[in-house]
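# Notes for the structure review
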Amino acid sequence: MEQKILQIKESALSEIEKVSSSKELEEVKNKYLSRSSELNNLKKGLKDLDVSLRPKIGALTNEVSKLLEEKIQIKYDEFYKEELNKKLASEKIDVTLDGTFNPRGKVHPITATINEIVEIFEHLGFSLIENKLSPEVEVEKYNFDLLNVPKEHPARDVQDTYYCNAAPNVVLRSHTSNAQVRQMLSSRPPVKIVSPGRVYRNESVSARKNNFFHQVEGLYVDKGVTFAHLKGVLNEFIRLYFGSARPTRFRNSFFPFTEPSAEIDVQCIVCHGKGCSTCSGTGWLEILGSGMVDPNVLRDVGIDPDVYSGFAFGMGVERLAMLKYAIDDIRLFFNNDERFLKQF
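Presented here is a report on the structure given in the accompanying data block. Because the structure is a prediction, the values reported are computed rather than measured.

## Points about the packing of aromatic side chains
Two numbers describe a pair of aromatic rings. These are the distance of the centres and the angle of the planes. For the structure on display, the rule yields 15 aromatic pairs. Pairing Phe333 with Phe340 gives two aromatic rings, centres 5.8 Å apart and planes at 80°, and the pair type is edge-to-face. Taking the relative accessible area as the measure of exposure, Phe333 reaches 1% and is therefore buried. Members of the aromatic cluster, each reached through a chain of ring pairs, are Phe121, Phe126, Tyr220, Phe237, Tyr241, Phe242, Phe311 and Phe313. A cation over an aromatic ring shows up here: Arg182 above the ring of Tyr142, its NZ or CZ 4.0 Å from the ring centre.

Following this line, the structure appears as structure tokens:
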């Protein structure tokens, strides 16, 4: 039996050395080390041997089995490395080749401008209004009546306001001041908020105007609020937004919901005050309207104007973006032209 085991050993080692693939090696392994192999059958026959021979033959069969397992494993490792190198060689990548460009979306310039404006005012202590207080489809009560806009005011004509067929007195809001009214009705002073959103005006579309655009309006109501606070807040906003101490001026104006009212101009970014076609030769560009909240507005929302005062302002987002980035046509924001949007 000892001679038989040694013959199996030599035969197996010879076949292991001759195999040329992992598949052939698997066949050799099954032939010599499987449960049905000749070597395993010899192990099973140890019980029939003389007791004195069992230790020697048993040790020899175990030694041969271990040796064959080690040789087969070494051969497996050789085949694995060889096959891996072939695969790496066939699938190698030239990292110096140009990559494939995958375009990625960017924040729209209008959204980016709104975010920047809101962030500045949040640093100045203002809070962002909740969306539920700022509906785009509104009733006249919140869009006009509670803002001291009388029934006969021209802004309420169909030439200026979009009226809906959904129900009587339903409009597409013409400003985001409706959010300010709702906030004052639902809370008590101090109120210090900004309300961004889309608004609609029944106007002809041109390079300077659109029938829908975006606004950011602000409101501050508390005890002792004065026009000086209004000027300080808006001058600081202009300084932070345009990135420099750009000259400003306040001009008398009229808005039904503020008294006194003022429009704010900044020095023209094109001619720097010398006069050009962009600023119509004045050297100034209007950027927003503002004023002290009319006592009638405070009274209508249940706030005592003898105790509280406040200021409000509203700015067109597209106009601010056009001034900052020297854009000459408001329609570019809405045409979805990638050549334009990629610049931001």
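Further notes follow.
## Focus: helix α1 (residues 2-18)
Here α1 spans 25 Å end to end across 17 residues, near enough to the 24 Å set by a 1.5 Å rise per residue. Residues of α1 that are buried: Ile5, Ile8, Ala12, Leu13 and Ile16. An end-on view of α1 places all buried positions within 125° of arc, on one side of the element. In this structure, α1 carries Gln3, Glu17 and Lys18 as exposed residues pointing more than 90 degrees from its buried face.

## Some remarks on the side chain of His214
Within the fold, His214 resides in strand β5 (residues 212-222). By relative accessible area, His214 is classed as buried at 12%. Among the polar contacts listed, one links the side chain of His214 to the side chain of Glu318, at a separation of 2.7 Å. Discounting chain neighbours no more than four positions away, the residues touching His214 are Ile110, Ile114, Gly197, Arg198, Met315, Gly316, Val317, Glu318 and Phe334.

## Side note on a nonpolar patch on the surface
The grouping of Tyr80, Leu84 and Leu88 at the surface amounts to a nonpolar patch, some 320 Å² of accessible area in total. With respect to the helices and strands, Leu84 occurs in helix α4 (residues 54-90).

## Re the packing of helix α8 (residues 227-242) against helix α10 (residues 317-325)
At a minimum axis separation of 11 Å, α8 and α10 run at an interaxial angle of 50°. Of the possible angle classes, the one that applies to α8 and α10 is oblique. Touching Phe237, Tyr241 and Phe242 of α8 are Leu320, Ala321, Leu323 and Lys324, all from α10. Residues belonging to the contact of α8 with α10 are distributed by class as follows: six nonpolar, no polar and one charged.

What counts, and where the lines are drawn
- Residue numbering note: each chain is counted from 1, following its sequence as written.
- Local features in this predicted model are restricted to residues of pLDDT 70 or higher, and side-chain atom pairs are both shown and tallied only at a pLDDT of 80 or more, whereas totals for entire chains, interfaces and linings draw on every residue.
- Water and hydrogen atoms were dropped before computing side-chain values, which therefore reflect all heavy atoms in the structure.
- Here is the rule: rings of Phe, Tyr and Trp (six-membered ring for Trp) pair when centre to centre is within 6.5 Å. Planes less than 30 degrees apart are stacked, more than 60 are edge-to-face, and the remainder are tilted.
- Three exposure classes are used, based on accessible area relative to the maximum for each residue type with a 1.4 Å probe and protein chains only: buried under 20%, partly exposed in between, and exposed over 50%.
- Comment: the charge-over-ring label is applied if NZ (Lys) or CZ (Arg) is within 6 Å of the ring centre and within 35 degrees of the ring normal.
- Per the convention used, a helix needs a DSSP run of H or I reaching at least four residues, while a strand needs a run of E reaching at least two, with both numbered from the N terminus.
- In this scheme, a helix's expected span is set at 1.5 Å multiplied by one less than its residue total.
- Here, the arc refers to the directions that run from the helix axis to the C-beta atoms.
- Definition of a polar contact: a pair of N or O atoms within 3.5 Å, with one able to donate and the other able to accept a hydrogen when the atoms are protein atoms, and with sequence-neighbouring residues admitted only if both atoms are side-chain atoms.
- By the convention used here, residues are in contact when the closest approach between their heavy atoms is within 4.5 Å.
- Nonpolar side chains (Val, Leu, Ile, Met, Phe, Trp, Tyr) are joined into patches within 5 Å and like charges within 9 Å, using only residues with over 30% relative accessible area and no salt bridge.
- The method behind every accessible area is Shrake-Rupley, applied with a 1.4 Å probe, and residues are considered shielded solely by the protein chains displayed.
- One side-chain nitrogen of Lys or Arg within 4 Å of one carboxyl oxygen of Asp or Glu is enough to make a salt bridge.
- All axes are obtained by fitting lines to C-alpha atoms, using only the stretch in contact for helices, and the reported angles, taken between N-to-C directions, cover 0 to 180 degrees.
- Working definition: roughly parallel below 35 degrees, roughly antiparallel above 145 degrees, roughly perpendicular at 65 to 115 degrees, and oblique for all remaining angles.
- Gly is placed with the polar residues, together with every amino acid not listed as nonpolar (Ala, Val, Leu, Ile, Met, Phe, Trp, Tyr, Cys and Pro) or charged (Asp, Glu, Lys and Arg).

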